[in-house]
Amino acid sequence: MAESLLAVRGLSKHFVSGNETVPVIEKLSFTLGQGQSLALTGRSGSGKSTLLNLLCGLELADAGTIVLQGQVFETGAKIARQKAMKWSSLRRQQIGVVFQEANLMPALTLLENVQFRAQLAGRSTASSQDWLTRLDIGALAQRYPDQVSGGQRQRAALAMVFAMEPALILADEPTGSLDRHTADEVTQVLFDLQARYGCGLILATHDAELAAGCQQHLDLGHLSSL
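Quick caveat, the model's predicted, so the values are computed rather than measured.

**Student:** I'd like a description of the confidence of the model for the chain, backed by residues and values.
**Tutor:** Averaged over all residues, the pLDDT of the chain equals 88, while 93% of them reach at least 70. The least confident element of the chain is helix 2 (residues 77–93), whose mean pLDDT is 72; the most confident is helix 3 (residues 110–120), at 97.

**Student:** Can you break down helix 5 (residues 150–163) residue by residue, with the values?
**Tutor:** Between the first and last C-alpha of helix 5 there are 20 Å, a value that for 14 residues agrees with the 20 Å anticipated at 1.5 Å per step. The buried fraction of helix 5 is high, at 11 of 14 residues. Burial in helix 5 covers these residues: Gly151, Gln154, Arg155, Ala156, Ala157, Leu158, Ala159, Met160, Val161, Phe162 and Ala163. Of the surrounding secondary structure, the elements contacted by the buried residues of helix 5 are strand 6 (95–98), helix 3, helix 4 (128–134), strand 7 (168–172) and helix 6 (180–197).

**Student:** Quick rundown of the packing of aromatic side chains? Include the residues and the values.
**Tutor:** Tallied over the entire structure, the rule returns 3 aromatic pairs. Seen from their ring centres, Trp131 and Phe162 are 5.6 Å apart, and the 20 degrees between their planes marks the pair as stacked. Placement of the pair is Trp131 in helix 4 and Phe162 in helix 5, with a sequence separation of 31 residues. Take Phe162: its relative accessible area is 3%, and that puts it in the buried class. Here a set of aromatic residues connected by ring pairs shows up, and it is made of Trp131, Phe162 and Tyr197. The residue whose ring lies beneath Arg134 is Trp131, and the NZ or CZ to ring-centre distance is 4.2 Å.

**Student:** Quick one: what's the story with the layout of surface pockets, residue by residue and with numbers?
**Tutor:** When its volume is computed, the largest pocket comes out at roughly 330 Å³. Lining of the largest pocket is provided by 19 residues; of these, Arg91, Val97, Phe99, Asn103 and Arg117 occupy positions nearest its centre. It is strand 6 that provides the largest number of residues to the lining of the largest pocket, a total of 4 residues.

**Student:** Give me the side chain of Thr187: which residues, what numbers.
**Tutor:** As for its placement among the helices and strands, Thr187 is situated in helix 6. Sequence-distant contacts of Thr187, defined by excluding residues within four places in its chain, comprise Thr175 and Leu210.

**Student:** Give me the lowdown on the pairing of strand 2 (residues 20–33), citing residues and values where you can.
**Tutor:** Note: strand 1 (residues 4–17) against strand 2, 10 bridges, orientation antiparallel. Counterpart to Leu6 in the pairing with strand 2 is Leu32. Where strand 1 folds back onto strand 2 in an antiparallel hairpin, the turn is made up of 2 residues, including Gly18, whose phi is positive at roughly 65 degrees.

**Student:** Could you give me a rundown of the sheet that holds strand 7, with the residues and numbers involved?
**Tutor:** Pairing is parallel in the open sheet, where 5 strands are placed in the order 6-7-8-3-9. Edge positions in the sheet fall to strand 6 and strand 9 (216–219), since each of these pairs with one other strand and no more. Within the sheet, the average angular offset between the axes of one strand and its neighbour, ignoring direction, is 15 degrees. Both strand 7 and strand 8 (residues 200–204) contribute to a ladder of 5 bridges, which runs parallel. Residue Ala171 lies in a different strand from strand 8, and its bridge partner there is Leu203. Where helix 5 meets the sheet, its contacts fall on strand 6 and strand 7, and the angle it forms with strand 6 comes to roughly 175 degrees. Packing of helix 6 onto the sheet brings it into contact with strand 3 (37–41) and strand 8, and relative to strand 8 it is tilted by some 155 degrees.

**Student:** Would you mind going over the sheet that holds strand 1 in detail, with residue names and values included?
**Tutor:** The strands that make up a sheet pair up through hydrogen bonds in the backbone, lying either parallel or antiparallel. With respect to topology, 4 strands assemble into an open sheet ordered 2-1-4-5, the strand pairing being antiparallel. Of all the strands in the sheet, the pair left with one neighbour each is strand 2 and strand 5 (71–74). Going from strand to strand, the sheet's axes swing by 20 degrees on average, the running direction of each strand aside.

Cut-offs and rules
Residues numbered from 1 in each chain as written. Predicted model: local features only at pLDDT ≥ 70, side-chain atom pairs only at ≥ 80, totals over all residues. Heavy atoms only, no water. pLDDT = per-residue confidence, 0-100. Helix = DSSP H or I, 4+ residues; strand = E, 2+ residues; numbered from the N terminus. Expected span 1.5 Å × (residues − 1). Buried < 20%, exposed > 50% of the residue type's maximum accessible area, 1.4 Å probe, protein only. Contact = heavy atoms within 4.5 Å. Phe/Tyr/Trp six-rings, centres within 6.5 Å; stacked < 30°, edge-to-face > 60°. Lys NZ or Arg CZ within 6 Å of the ring centre and 35° of its normal. 1 Å grid on protein atoms, 1.4 Å probe; cavity = no way out; pocket = protein on both sides within 12 Å on 5 of 7 lines; lining within 4 Å. Points joined across faces, edges and corners; volume = space filled by probe spheres on them. Pairing = 2+ DSSP bridges. Axes fitted to C-alpha atoms, helices over the stretch in contact; angles between N-to-C directions.

So, in structure tokens, the structure goes:
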């Protein structure tokens, strides 16, 4: 059995709309082992993006516990303030986030983007060019984000994530803006590198083919839990 990387217990989150309290995630529990992958599926509004935000500390849960690499994050305003710096450190060093639209800095070349992300994580920048090469965009290293295609930008975003050597990757519809052929290529690279380097992967997607590549599945539309 894979050693536990992430454990979620009784996680709940609601939003307030007018006078109405809208539950988004209720008493959700699951675990993810090191090197394992999990697909989050469900209709729009079922809480996929919210869950990813909770798992990297960008949003705070109303109840429940998150244990990531042995660090325990409980709920409550006082606890949240105490844990804010730890979440920030984890996002810089251990949690790589991939968005639907590649979050590259437009004033930096692709190579500089990768180097900058590695530096933030406290990693060496020596392999930055190698990561772009592994993702088949090494020849574009000196180009700026607006000088390459959407698929190439997304590959650069993946290079940034892997250059930080994360323990966990959170991907929110990472191929949603790509055509089918490019999406398939980017997906294959993501799964290949994730398996090779043994990091965990949680992937939110509407794409059944993309979800099928993950080892575990969690349908938030049906409030399932693992």
